[in-house]
Amino acid sequence: MDRLRKNNDDSRIDYGVILPVFILCLIGLLSLYVALTHDPRNPNVFRGLAMQSIWYVVGALAIVIIIHFDAKLLWRLTPFLYVIGLAVMLALLRFYDPTLAASTGSKNWFKFGTLTFQPSELMKIAYILMLALIITKHNVSNKIHTLKTDALLIVKMILVTIPVFGLVLAQKDFGTMLVFLAIFSGMFLMSGISWLILVPTLILAVVLGGTLIFFVTTDSGRELLTRIGFKNYQFARIDSWLDPFHDPQGKSFQLAHALMAIGSGGIFGTGYNVSNVYVPVRESDMIFTVIGENFGFIGGAFVILVYFVLIYRMIRLCFDMNNEFYAYIASGIVMMMLFHVFENIGANIGLLPLTGIPLPFISQGGSSILGNMIGIGLILSMRYQSANKQPMRRTRRA
């Protein structure tokens, strides 16, 4: 009987999700060792590796706990998690770390002794849960979609989004705001809203995107953006993106050297723990340059392939769920991780502007690791809890 129970539990664990995460964490430790070893600002390499390993363990424990959360419990906890997340984000505006704010331009870090923490990483999960709850409740109450009911759903989604966007903007964290925007967009597309609304919305998004590009690339546009809160360092990132070598020893130093490091790796790389090009803050936002330099195009392509497998498995799970609440949670987590990967690697290779977004499971940072591990825990809990569970329509009344 014990053996039968163990086999049943094993069949409910999606190893197709666990294996890519394990591989990415291993790559993260190997890459972090190289980044810290060749960074004169980090004299204690093994302390950095130890802290990263501890966060991996904490994240794994979070997965073990969350995997036992069923849809009913998540449904009940979601409003509380959302409110608590907003309260912590609000407290951050008063108790942020001034040293990190001065160096990064963003008020998005708490500091407890030598430990720093970024609450927005966990707020992403709370926001996904809240949007999933809002969409599921609405669709259960409105089985037939009309323009009126779809418009009402959009209003509900916007109402829970405004406080989050407002707090992130107050923290001056443009990169994190883009992540929340990506989550909103992905769940908006998956919510079942009519194409009569989706198509004009997509057209409007393209127009707004084009307008923003015009503003950031013209003097008159930048003057207007400065009046509404844009900072010089944000314009510097745009300039570096448009022409990485216009000031390789100044404002575009980081991106120019990142491109040189990746380019020096060629097809097969320079070999492990070889660093011929110095790249600032390599251990976090620019960790992909270590992979590109040490393992070349082959190594970079392998990492992208592992992410592809992970995201593919999560998307499959999203479509396999007969539970609406789970499906919307999965779509939000997929969008969050997909945007992180696309933006981070795109910024490292010069395809996109630098925004300070970490590479999931690889970049140094406990907040990011914990947030992503919680997301993986939610994904794994869906399959683990799916056996003998009722669809969300019944769960809603529990």
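Reading the values: the criteria
Residues numbered from 1 in each chain as written. Predicted model: local features only at pLDDT ≥ 70, side-chain atom pairs only at ≥ 80, totals over all residues. Heavy atoms only, no water. Helix = DSSP H or I, 4+ residues; strand = E, 2+ residues; numbered from the N terminus. Buried < 20%, exposed > 50% of the residue type's maximum accessible area, 1.4 Å probe, protein only. Contact = heavy atoms within 4.5 Å. Areas by Shrake-Rupley, 256 points an atom, 1.4 Å probe, with all protein chains shown as cover. Lys, Arg positive; Asp, Glu negative; His and termini not counted. Charge placed at Lys NZ, Arg CZ, Asp CG, Glu CD. Salt bridge = Lys/Arg side-chain N within 4 Å of Asp/Glu carboxyl O. Core = buried A, V, L, I, M, F, W, Y, C linked by side-chain atoms within 4.5 Å. Patch = residues over 30% accessible without salt bridge, like charges linked within 9 Å, V, L, I, M, F, W, Y side chains within 5 Å. Expected span 1.5 Å × (residues − 1). Axes fitted to C-alpha atoms, helices over the stretch in contact; angles between N-to-C directions. Parallel < 35°, antiparallel > 145°, perpendicular 65-115°, else oblique. Nonpolar A, V, L, I, M, F, W, Y, C, P; charged D, E, K, R; others polar. Phe/Tyr/Trp six-rings, centres within 6.5 Å; stacked < 30°, edge-to-face > 60°. pLDDT = per-residue confidence, 0-100.

- An unreviewed UniProt entry annotates the protein as Rod shape determining protein RodA originating from Enterococcus gilvus ATCC BAA-350.

## Some points on the overall build of the protein
Next up, step 1: When its secondary structure is counted, the protein shows 16 helices and two strands.
Next up, step 2: Overall, the C-alpha framework of the protein stretches about 60 × 60 × 40 Å when taken along its three principal axes.
Next up, step 3: Within the protein, buried positions represent 48% of all 398 residues.
Next up, step 4: Across the protein, contacts joining residues at least 24 apart in sequence account for 71% of those joining residues at least 6 apart.
Next up, step 5: When the accessible surface of the protein is summed, it comes to about 19,100 Å², and 69% of that surface belongs to carbon and sulfur atoms.
Next up, step 6: Each charge sign in the protein was given a centre, from 31 positive and 21 negative side chains, and these centres are 12 Å apart.

## So, the pattern of salt bridges
Next up, step 1: Evaluated as defined, the whole model comprises four salt bridges.
Next up, step 2: Arg313 serves as the salt-bridge partner of Asp14, at 3.0 Å between the closest nitrogen and oxygen. Separated by 299 residues along the polypeptide, Asp14 in the loop between α1 (2-11) and α2 (15-37) and Arg313 in helix α13 (residues 288-320) bring together distant segments of the chain.
Next up, step 3: Accessibility expressed as a relative area gives 4% for Asp14, which makes it buried.
Next up, step 4: Under the relative-accessibility criterion, Arg313 is labelled partly exposed at 28%.
Next up, step 5: We note a salt bridge from Glu121 to Lys124, for which the minimum N-O separation is 3.1 Å. Of this pair, Glu121 and Lys124 both sit in helix α6 (residues 120-141), three residues apart, roughly one helical turn.
Next up, step 6: Through salt bridges that share partners, Asp14, Arg313 and Arg383 make up one connected network.

## Here we look at the nonpolar core
Next up, step 1: Formed by 93 residues in total, the largest nonpolar core has its most connected members in Met314, Ile329, Phe361, Ile362, Ile376 and Leu378.
Next up, step 2: Element by element, the count of residues in this core is highest for helix α14 (residues 324-348), at 13 residues.
Next up, step 3: With residues near it in sequence (within four places) discarded, Ile362 still touches Leu24, Ile27, Gly28, Gln52, Tyr56, Ile287, Ile291, Val303 and Tyr307.
Next up, step 4: Among the nonpolar cores identified, the runner-up in size contains eight residues, and Leu255, Ala258, Ala261 and Ala347 belong to it.

## Section: the environment of Trp75
Next up, step 1: If you trace the backbone, Trp75 turns up in helix α4 (residues 71-95).
Next up, step 2: Spatially, the C-alpha atom of Trp75 lies 9.0 Å from that of Met130, the residues being 55 residues apart in sequence.

## Some remarks on a nonpolar patch on the surface
Next up, step 1: Together, Leu19, Phe22, Leu26, Leu30, Tyr272 and Phe295 make up a nonpolar patch on the protein surface, roughly 580 Å² of accessible area in all.
Next up, step 2: No other element matches α2, which puts four residues into the nonpolar patch.
Next up, step 3: Within the secondary structure, Leu30 is located in helix α2.
Next up, step 4: Leu30 gets classed as partly exposed once you look at its relative accessible area, which sits at 39%.

## Digging into the environment of Ala50
Next up, step 1: Mapped onto the elements of the fold, Ala50 is located in helix α3 (residues 45-66).
Next up, step 2: Sequence spacing of Ala50 and His257 is 207 residues, and the spatial spacing of their C-alpha atoms is 28 Å.

## Comments concerning helix α12 (residues 253-265)
Next up, step 1: Relative to the 18 Å expected for 13 residues at 1.5 Å per residue, α12 spans 19 Å between its end C-alpha atoms, a close match to the ideal helical length.
Next up, step 2: In the stretch just after α12, Gly266 is the one whose phi turns positive, near 60°.

## Notes on the packing of helix α9 (residues 195-217) against helix α10 (residues 219-227)
Next up, step 1: Direction vectors running N to C along α9 and α10 enclose 100°, while the axes themselves pass 5 Å from each other. In terms of their interaxial angle, α9 and α10 are classed as roughly perpendicular. Counting all contacts with α9, which are made through Phe215, Val216 and Thr217, the residues of α10 involved are Asp219, Gly221, Arg222, Leu224 and Leu225.
Next up, step 2: Of the residues belonging to the contact of α9 with α10, the class tally is four nonpolar, two polar and two charged.

## Remarks on unusual backbone geometry
Next up, step 1: A positive phi angle, near 60°, is found at Lys172, a position not held by glycine.
Next up, step 2: Looking at where Lys172 falls in the secondary structure, it is placed in the loop between α7 (147-170) and α8 (174-190).
Next up, step 3: On the basis of relative accessibility, which here comes to 33%, the residue Lys172 falls in the partly exposed class.
Next up, step 4: Positive phi outside glycine occurs at Asn273, with the angle close to 65°.
Next up, step 5: Relative to the helices and strands, Asn273 is located in the loop between α12 and α13.
Next up, step 6: Residue classification places Asn273 among the partly exposed positions, given a relative accessible area of 25%.

## Here we look at the packing of aromatic side chains
Next up, step 1: Using the criterion set out here, one finds eight aromatic pairs in the structure.
Next up, step 2: Taking 5.0 Å as the distance between ring centres and 80° as the angle between the ring planes, the aromatic pair formed by Trp75 and Phe325 counts as edge-to-face. Taken together, the residues Trp75 in helix α4 and Phe325 in helix α14 connect sequence positions 250 residues apart. Each of the two residues, Trp75 as well as Phe325, counts as buried.
Next up, step 3: Both rings, one in Phe253 and one in Tyr278, keep their centres 6.4 Å apart while their planes meet at 55°; by these two values the pair is tilted. One end of the pair, Phe253, is in helix α12; the other, Tyr278, is in the loop between α12 and α13, with 25 residues separating them in the sequence.

## Quick word on the confidence of the model for the protein
Next up, step 1: Put simply, the protein has an average pLDDT of 85, and 92% of its residues get 70 or more.
Next up, step 2: Per-element averaging of pLDDT across the protein places helix α16 (residues 392-395) at the bottom with 43 and α2 at the top with 93.
Next up, step 3: Note that residues 390-398 has pLDDT below 50 and, in this model, 18 contacts with residues that lie over four places away or in other chains.

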